[in-house]
Amino acid sequence: MEHQVEAIHNLHKVIVDPGVRNSPMAERVRSRLPEVECEVLEEGGQISSNQDQAILYLKEYKGRFLRFCPGTKHYRCCGYRIIHIGENCPLNCSYCILKAYFQDRTLKIWANQEDLWRELRVHFSGNPETRFRVGTGEFTDSLALESITGYSRDLVSFLGEYENVCLELKSKIVDLSWMDGVRRSDRVLPAWSLNAIDVVQSEERGVASLEERLIAARTCAGNGFRVCLHFDPIIWYFGWEQGYARTIEMIFDYLKPEEIAYLSLGSFRGMPELMAFIKKNWPDSGYIYNEFVSGLDGKMRLLRPLRVNQFRYVADRLKRHGLERQLYFCMESDEIWQAVLGYTPKDLGGLQRHLLEQAFG
Ligand code: SF4
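The rules behind these values
Residues numbered from 1 in each chain as written. Predicted model: local features only at pLDDT ≥ 70, side-chain atom pairs only at ≥ 80, totals over all residues. Buried ≥ 20, exposed ≤ 12 C-beta atoms within 10 Å, placed from the backbone. Helix = DSSP H or I, 4+ residues; strand = E, 2+ residues; numbered from the N terminus. Arc of directions from axis to C-beta. Contact = placed C-beta atoms within 7 Å. Axes fitted to C-alpha atoms, helices over the stretch in contact; angles between N-to-C directions. Parallel < 35°, antiparallel > 145°, perpendicular 65-115°, else oblique. Left-handed = near helix turned anticlockwise from the far one by under 90°. Nonpolar A, V, L, I, M, F, W, Y, C, P; charged D, E, K, R; others polar. Pairing = 2+ DSSP bridges. Near = placed C-beta within 6 Å.

J.: Looking at this structure, how should I read helix α12 (residues 334-341)?
T.: An α-helical turn contains 3.6 residues, so any two residues separated by three or four positions project in the same direction. Among all positions of α12, only I336, W337, V340 and L341 are buried. Axial view of α12: buried residues confined to an arc of 100 degrees, hence all on one face. Away from the buried face of α12 by more than 90 degrees, exposed residues E335 and Q338 are located. Those residues of α12 that are buried are in contact with α11 (304-320) and β18 (327-329). Phi turns positive, to about 85 degrees, at G342, one or two residues after α12.

Here it is, written out as structure tokens:
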């Protein structure tokens, strides 16, 4: 079952940097979007900054492809590395941090894959004793454009040579076309973000249903993969207890606890710009009017007692289903870990190390 990303049908133009006009990526995208106009930029040309989501820009990217996840020193960070393959997302979640921070909404894909492969090769084969937990779902959804780019399929195939790398593909849609490119199913972690069903219905647009995501997760488990799940952002709304309890019940209708490599819990948070963006663009999204406090990293978070209450409720239910060591918090302090789970990352030997162990199995 593949989920049709509506925004792909609305694409009306592909713009290509001259340096990648004959790249395999540009050829593939052109062949998969034969009806869509394609413009090659002139040497030194730029796209105008106010483009929209109906345009796909295949860029010759000059920056670093492998990055550290932008955690902060104030909270427990998980040591995740990002493989940067593009920017922006064709889906539309009201709480999306990308929509508030990237002025330019154009969907961008880095088409100079040879440069990406070169950088990754140097890094991963140059450090064969180091294990890397990497993912592409930080500046975009890992799979939302997969049907036209095949990027994740290329990536799993490339990374098949590197035993020291475990790739997470994080998404809110269903596209399993990358699967037949995988050489080692124990080095790829398909991942889905989940939420209370009411949040999915009211705040996430263009996404696959919860059931579709979980059916896909089960298909992956049936094919020898372990999956990751992310409850992020957990949102406070009237009736949230029943909403999250229902989603947790659904998870275990489809998955066994041992098929889940790890599951993150993150409370809705964001810089004040994100709050202002949501108020302006999604004024009916009631969760924005909750009580927030500014954290050490400048981000607004739900008041701590409310946050702990929600985390405990969700974590307790997950534990009853047999999850324990798989649970972790995204960007929370030791105090929150202690209050909810009764231990801190230090007790696990450090969060980064613990998650590497969970990822590599
Ligand atoms: S799927 Fe993720 S990246 Fe895409 S709009 Fe939703 S929150 Fe943003």
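J.: Any chance you could explain the packing of helix α9 (residues 240-254) against α11 here in plain terms?
T.: For any two helices packed against each other, one specifies the inter-axial angle together with the distance between the axes. For the pair α9 and α11, interaxial distance at closest approach is 10 Å and the crossing angle is 25 degrees. Considered as vectors, α9 and α11 are oriented roughly parallel to each other. Crossing geometry of α9 relative to α11 is assigned as right-handed. Within the contact between the two elements, α9 uses W240, E241, Y244, A245 and I248 and α11 uses Q310, Y313, V314, R317 and L318. Taken together, the residues of the contact of α9 with α11 break down into seven nonpolar, one polar and two charged.

J.: Hey, could you run me through the sheet that holds strand β4 (residues 66-68) in this one?
T.: Pairing between the strands of a sheet comes from backbone hydrogen bonds, and it takes one of two forms, parallel or antiparallel. Strand order in the open sheet formed by eight strands is β4-β5-β9-β10-β11-β13-β14-β18, with mixed pairing between adjacent strands. Unpaired on one side and paired on the other, β4 and β18 mark the two borders of the sheet. Along the sheet, successive strands turn relative to each other by an average axial angle of 30 degrees, direction set aside. Sheet topology places strand β10 (residues 165-171) next to strand β11 (residues 188-194); five bridges connect them, and they run parallel. Bridging across to β11, L169 finds its partner in P190.

J.: Would you take a moment to explain the site of the ligand for this structure?
T.: Contacts to the ligand come from C89, L91, N92, C93, C96, L98, D141 and K172. Taken together, the residues that form the shell around the ligand break down as five nonpolar, one polar and two charged.

J.: How should I be thinking about the pairing of strand β8 (residues 107-110) in this particular structure?
T.: Taken residue by residue, a regular strand's side chains alternate between the two faces of the sheet. Here β8 shows a buried face lined by L107 and I109 and a second buried face lined by K108 and W110. Of the strand pairs in this sheet, strand β3 (residues 55-59) and β8 are connected by four bridges, and their pairing is parallel. When the bridges of β8 are listed, Y57 appears paired with K108. One ladder, built from two bridges, connects strand β6 (residues 86-87) with β8; its direction is antiparallel. Considered in β8, the bridge of E87 is made with K108.

J.: So what exactly am I meant to see when it comes to the environment of Y57 here?
T.: By the element assignment, Y57 lies in strand β3. Along the backbone, Y57 and G44 are 13 residues apart, and their C-alpha atoms lie at a distance of 15 Å.

J.: What is the right way to look at unusual backbone geometry in this model?
T.: The phi angle of most residues is negative, glycine excepted, and most peptide bonds adopt the trans form. Cis geometry is found at the peptide bond from D232 to P233, where omega equals 5 degrees. With respect to the element layout, P233 can be found in strand β13 (residues 227-234). Its identity as a non-glycine residue notwithstanding, N88 has a phi of 80 degrees, on the positive side. Even without being a glycine, M331 presents a positive backbone phi close to 55 degrees.

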